[in-house]
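# Structural features, examined
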Amino acid sequence: MARRDRDSNPYVVNELVESEHRAGVDLAWIVAFGVALCVLAIAFTLPDQLLERAETIKPLNVNGVISLLVVVPLGASAFAIRRYRDAVGAQRELTRLSLHDALTGLPNRRHLRAVLASAFSHAWRNNTKAAVFFIDLDGFKGVNDTYGHEVGDQLMVAVGARLRHSCGTDRWVARYAGDEFVIVDAAQQTPEHSRRFAGEIVSLIEQPFALGEDRISISASVGLAFADVTSDPDDVLRDADAAMYEAKNGDDRTATYNESMRARLTPATAERRLQEALVKGEFKLLYQPIVSLRNSQIVGVEALLRWDDPTRGIVTPADFLPALEDTGLIVPVGRSVFREGCRQARRWAEMTPDGQTPLRVTMNVSPRQIVQVDFAEDLGSALAESGADPSLLYLELTEASLISDPRATWSALENVRDLGIGLALDDFGTGFSSLTHLRSFDFELLKIDGSYLSTLGSDGKDDAIVRHVFSLARALGIATVAEGISESPQIGLLIELGCELGQGFHFAEPQPATIIDNLVQKRLGPESQAPKESATSDSDEEATVLLPNLRRSPIG
Ligand code: C2E
Ligand code: MG
Ligand code: MG
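Below you will find a few notes about this structure. (Residues numbered from 1 in each chain as written. Chains lettered and ligands numbered in written order. Predicted model: local features only at pLDDT ≥ 70, side-chain atom pairs only at ≥ 80, totals over all residues. Heavy atoms only, no water.)

Looking now at the coordination of the magnesium ion (ligand 3). For the magnesium ion (ligand 3), every protein donor is listed as Asp426 (OD), Asp427 (OD), Glu483 (OE) and Glu483 (OE), and the spread of their distances is 2.0 to 2.7 Å. In the primary structure, the donors to the magnesium ion (ligand 3) are separated according to the pattern D-D-x55-E. In this model, the magnesium ion (ligand 3) sits 3.7 Å from the magnesium ion (ligand 2), the two metals being bridged by Asp426. Placement of the pair is Asp426 in strand 13 (residues 422–428) and Glu483 in the loop between strand 15 (479–482) and helix 18 (489–497), with a sequence separation of 57 residues. With respect to class, Asp426 is no different from Glu483; both count as buried. (Donors = N, O, S within 2.8 Å, 3.2 Å for Na, K, Ca; no water. Helix = DSSP H or I, 4+ residues; strand = E, 2+ residues; numbered from the N terminus. Buried < 20%, exposed > 50% of the residue type's maximum accessible area, 1.4 Å probe, protein only.)

Here it is, written out as C-alpha cells:
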C-alpha cells in the first residue's frame, strides 16, 4: 500500500520515507554487526584455539569448532534480521494506518499536511502555483438518514474512488474529514485550467452512484485556493474551505478564494480561530446605553460582545456567536463576559456622583451556558471578585433558554436569583412570547424585540397587543425596554403604549467602556432627570444632548 501510494503520489511524504530509511539503516547495522562478530571470532579466537590445541584436537573437532564459531553468530544475526524485519513491517503498517483513512483507504488529513508543503515547493520548482481544491459533499447527511450508515459508507468509498480516478498521476487526493475531500495539484497549467477542473469535479460527483439496488445522486461544492512555496498549509486549507462555503451559495458550486472570504468562519477553522482569539484576549465588550424614554437619560447599559480580529477588525456576534456556541467556547468566553461586566458595574457605581442611581449592567447568556453545572458558580465568582452590587446586574436570556432544558435552567436561574442578580427576558416577541414565563421565572425586565417597532402605529391590532404586554408587565412590577429604537417618532408612540425604557441606534450605538465613563461622570443631577413632557413629542435633539455623539460607535 505504501509503495502504491508512493508510485501514484507525485509529492513524496517524508514521514513514510524517513521511517523506511531509518529501518534500512538499522538493518544494515545489524548485518554489519553479525559479520563483524564472525570475522572477530575467526581472526582472534580460532588461531588461539588452533595453536593451543592443534595437537590434541582431532581434525573433525577443529572443523566442528570452526563451524560453531561461524554458524552461531551468523544464525543469531539471521534471527535478529528476521525479528527486525517483522518489527519494521509492523512499524510500516502502523505508519501507513496513521496516514490513511480506514474507510476509503485514501490518505488522511495528517498525510495531507505533509504532502501540501512538498507540493508547494514542487510547484515552485516548476515555476507555477499549487492548486488546492476543497470538496464538500452536499446533502450527505440526508443519504445517511435515508439509506442508513452502511450505504453512506459505501457512497463515501465510491466518491473517494471516483475522485482518485479523476486525479490521474498529476494530482493527489486525501479525505480531509467526514464528507470533505482535498485534491492537491502542483502541476496546474493556469488558474483557468484549475477552475475548469473544479467544475469537472462537481459534474463528476453529480453522476449517480449505483450502490447495490440503489442509485444515489448527490452533489458537491468545490472551493479553490492557490499556494506558493511561502504558503502555510493550514492557511491554504482554511482559504480553500472558505471558498467552498462561498461555492455552496453559487450556481456552479465552485468558487476561487479571494481576500473578502477571509472573514468567513467555517466549521473546519472556527474552533482553532476562536480558541486563539480567546487565548489572545481578542474578545471585548461594548456597552449600549439603555435610556429612560421620558427624558433620554441613561439608566443602564447592555454588555455586547465583539471580536477584535486582527485580520478583519471588529466582528459582531452574528458572525461568530453560532460557532462559539457550537464549539462550546461560549462557556469560557461567557465567563470573561461576566468578569468584565461585573468589574465595570463596580467601576461605574464608584464613579457615580452622590445622589444618583448607579448604572445597571445587563449581560447576555446563551442556552448552552445556562445548563452548565458550574454556571451559577462562575457567575458568583465573577461577582465576588469584582465586589459589584448584584442589584445592579441583570442576565438577559431569551425564551429559547427557558425551554431547551427547563429543569437545568430552572435550577440555574434559582441560583442566579440567590446571588441577588436580576433576570431580563430578551427579544420578547420573536419566540413563543409566553407571558407566563415572566411570572414563573421572576423576571424583572422585559425587552421587546425591535421587530415590533416596524409596524407600530400603523396596525391597530398590533398596537393593542403591545399595549396589553406593557400593561401586564407593569401590573407584575416588571420594567419594559423597547429594543432597536432607530427613529424619534417611535419614542412618543412607545410612551403612549406604556413602555418606560428604550435602547437603539437613535440614542446610541454600542460604545467602549471609556465613553460610558464620560456619560456616568457627566450625568445631570437628579432634579434634572424628572420626566419631561416635551420628550414625548420629539426627543431627537434632547437625546443628542444627553448622549452626545453616540449615534455611531467609534469602533462598533
Ligand atoms: P441582543 O441581546 O438582542 O442585543 C441587541 C442587538 O441589537 C445588538 O446587536 C445591538 O447592537 C443591536 N441594536 C441595538 N440597537 C439597534 C438599532 O437601533 N437597530 C438595529 N438594527 N440594531 C440595534 P449585537 O451587538 O450584534 O448582538 C447581537 C446579539 O448577540 C445580541 O442580541 C445577543 O443575543 C447576542 N450577544 C451579544 N453579546 C453577547 C454575549 O456576551 N453573550 C451571549 N451569549 N450573547 C451575546
Ligand atoms: Mg440582549
Ligand atoms: Mg435583544
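Among the nonpolar cores identified, the biggest contains 73 residues, and Leu274, Met363 and Leu395 are the most heavily contacted of them. Ranked by the residues each element gives to this core, the list is headed by helix 11 (residues 330–351), at 8 residues. The contact partners of Met363, leaving out residues within four places of it in the chain, are Ala303, Val337, Phe338, Gly341, Cys342, Leu379, Leu393, Tyr394, Leu395 and Glu396. Counting residues in hydrophobic clusters, the runner-up holds 28 residues, among them Val151, Phe181, Ala198 and Ile216. (Core = buried A, V, L, I, M, F, W, Y, C linked by side-chain atoms within 4.5 Å. Contact = heavy atoms within 4.5 Å.)

At 2.0 to 2.2 Å from the magnesium ion (ligand 2) lie its protein donor atoms, namely Glu302 (OE), Asn364 (OD1), Glu396 (OE) and Asp426 (OD). Linear spacing of the donor residues for the magnesium ion (ligand 2) on their chain is E-x61-N-x31-E-x29-D.

This next bit is on helix 13 (residues 375–386). For helix 13, spanning 12 residues, the distance from its first C-alpha to its last is 17 Å, which sits close to the expected 16 Å at 1.5 Å a residue. Of all the residues in helix 13, the buried ones are Phe375, Ala376, Asp378, Leu379, Gly380, Ala382, Leu383 and Ser386. On its buried face, helix 13 is in contact with helix 11, strand 11 (360–364), helix 12 (367–370), strand 12 (393–397) and helix 15 (406–418). Backbone geometry just after helix 13 places Gly387 at a positive phi near 70°. (Expected span 1.5 Å × (residues − 1).)

Further remarks concern the site of ligand 1. Within the structure, ligand 1 sits among 22 residues, and Glu302, Arg306, Ser366, Asp426 and Phe505 are positioned closest to it. Within the contact set of ligand 1, a nitrogen atom lies 3.0 Å away from a side-chain nitrogen or oxygen of Gln288. In the environment of ligand 1, an oxygen atom lies 2.8 Å from a nitrogen or oxygen atom belonging to the backbone of Phe505. Compared with its free state, where it exposes 790 Å², ligand 1 has 76% of that area covered by protein. Elements with a contribution of two residues or more to the shell around ligand 1: strand 9 (298–309), helix 11 and strand 13. (Near = heavy atom within 4 Å. Polar contact = N/O pair within 3.5 Å; in protein donor to acceptor, adjacent residues only side chain to side chain. Areas by Shrake-Rupley, 256 points an atom, 1.4 Å probe, with all protein chains shown as cover.)

Packing of helix 13 against helix 15 brings their axes to within 9 Å, and their N-to-C directions diverge by 20°. Here helix 15 runs roughly parallel to helix 13, going by the angle between their axes. Once helix 13 is placed against helix 15, the crossing between them reads as right-handed. Residues Phe375, Ala376 and Leu379 of helix 13 touch helix 15, and the partners they reach there are Ala412, Asn415 and Val416. Classifying every residue of the contact of helix 13 with helix 15 gives 5 nonpolar, 1 polar and no charged. (Axes fitted to C-alpha atoms, helices over the stretch in contact; angles between N-to-C directions. Parallel < 35°, antiparallel > 145°, perpendicular 65-115°, else oblique. Left-handed = near helix turned anticlockwise from the far one by under 90°. Nonpolar A, V, L, I, M, F, W, Y, C, P; charged D, E, K, R; others polar.)

So, about the side chain of Ser386. Inspection of the secondary structure puts Ser386 in helix 13. For Ser386, the side chain forms a polar contact with the main-chain nitrogen of Ala388, separated by 3.0 Å. With residues up to four places along the chain from it excluded, the contact list for Ser386 reads Cys342, Arg343 and Arg346.

By themselves these figures say nothing about function.
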